[in-house]
Amino acid sequence: MLEPSLIQTVLPHTLTDTQLPELGPKSQGKVRDIYHHNHELILITTDRLSAFDRVLGAVPYKGQVLNQLSLFWFDEVKDIIGNYVRHSPHPSVIIGEACQTLPVEVIVRGYISGVTKTALWYRYSLGEREIYGHHFPEGLQKNSQLPEPIITPTTKGGVTGHDERLTCEEVVSQGYVEAKLWDRVQTAALEVFKRGAARAKAAGLILVDTKYEFGLNRQGDLVLIDEVHTPDSSRFWRLDSYQSRFEMGQEPENFDKEFIRLAYAEKGYRGDGDPPAWDENLAIFASQRYQQVYEMLSGKTFGPMSYPAQEDIRKALL
């Protein structure tokens, strides 16, 4: 993990956008720049940080961590389900097969927690007891472990531009995914979550919840796409802090970007209107957190890429 002073020197050079028209047509998500070439996708994971369904700022080395940690996890769960990856020519780049993306995000939750409007605890704290088609009894505490992990799907943006809650039954009844395929998705998601939770526990972390995205490749096989068990797509707690803090009604020490959501929530921001200004000190701390998560889960030492990154990416791809 790099020292704050070293991270600060690259703050002006974070990878926030790429302009590489020679790679083909470009589309842009909240975090990734995606270039389309024949039946392949060139996915460049930038340093943009997204929360509350919007980009808040940039975090040095974040894209590299997401990319390399996803590659680690794709390999870890390949006996459960295949993936779209073909190769990675640069620390922030994946070249993958273009797949037919399923139109739902598959959220697996092992605990009742969270501060965003789609989070279990936020909905529960408002008095809801039927959430995502699951019944929750009275008297639950924030951050309680659920008896078994559950799936809480959402749409991918939808007409409002924000993720909208679904039940598992609605995924099928509203025509998002055919029933047999949805059964396969749920089985794979729960198995991948179980594998991730076990690996996280061995690393001294709790996998609280996570988001998966699935697609169908050209052969019609169900595959994992996007990213897996990263600090962007997942929430992690320090295992050794959970029980003592839970008993005292305190937040476990989180090891993901949840502290950024909490920081904004403390300022009264939950996604409506313009967010507060991005804080460079928060960016430096977030960079260290991302690097630390990578090292704990992968068991590898983080080796930083060079900034500015665009020219290195160009050379790696052309």
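Because the structure is a prediction, the values reported are computed rather than measured. (Residues numbered from 1 in each chain as written. Predicted model: local features only at pLDDT ≥ 70, side-chain atom pairs only at ≥ 80, totals over all residues. Heavy atoms only, no water.)

This structure, assessed with the given rule, holds 15 aromatic pairs. An angle of 55° between the planes, with centres 6.5 Å apart, marks the rings of F52 and Y264 as tilted. One end of the pair, F52, is in the loop between β4 (48–51) and β5 (54–58); the other, Y264, is in helix α7 (residues 258–266), with 212 residues separating them in the sequence. Judged by its relative accessible area of 2%, Y264 falls in the buried class. Each ring, one from Y264 and one from Y269, has its centre 6.1 Å from the other, and the planes form 65°; the classification is edge-to-face. According to the relative accessible area criterion, Y269 is buried, its value standing at 4%. Ring-pair connections join several aromatic residues into one group, and the members of that group are Y61, Y294, F302 and Y307. (Phe/Tyr/Trp six-rings, centres within 6.5 Å; stacked < 30°, edge-to-face > 60°. Helix = DSSP H or I, 4+ residues; strand = E, 2+ residues; numbered from the N terminus. Buried < 20%, exposed > 50% of the residue type's maximum accessible area, 1.4 Å probe, protein only.)

In this section: the side chain of Q64. With respect to the helices, strands and loops of the structure, Q64 is situated in helix α2 (residues 62–76). For Q64, a relative accessible area of 0% corresponds to the buried category. At a separation of 3.0 Å, a polar atom in the side chain of Q64 contacts the main-chain amide nitrogen of M305. Not counting the four nearest positions on each side in its chain, Q64 is found in contact with P91, S92, F302, G303, P304 and M305. (Polar contact = N/O pair within 3.5 Å; in protein donor to acceptor, adjacent residues only side chain to side chain. Contact = heavy atoms within 4.5 Å.)

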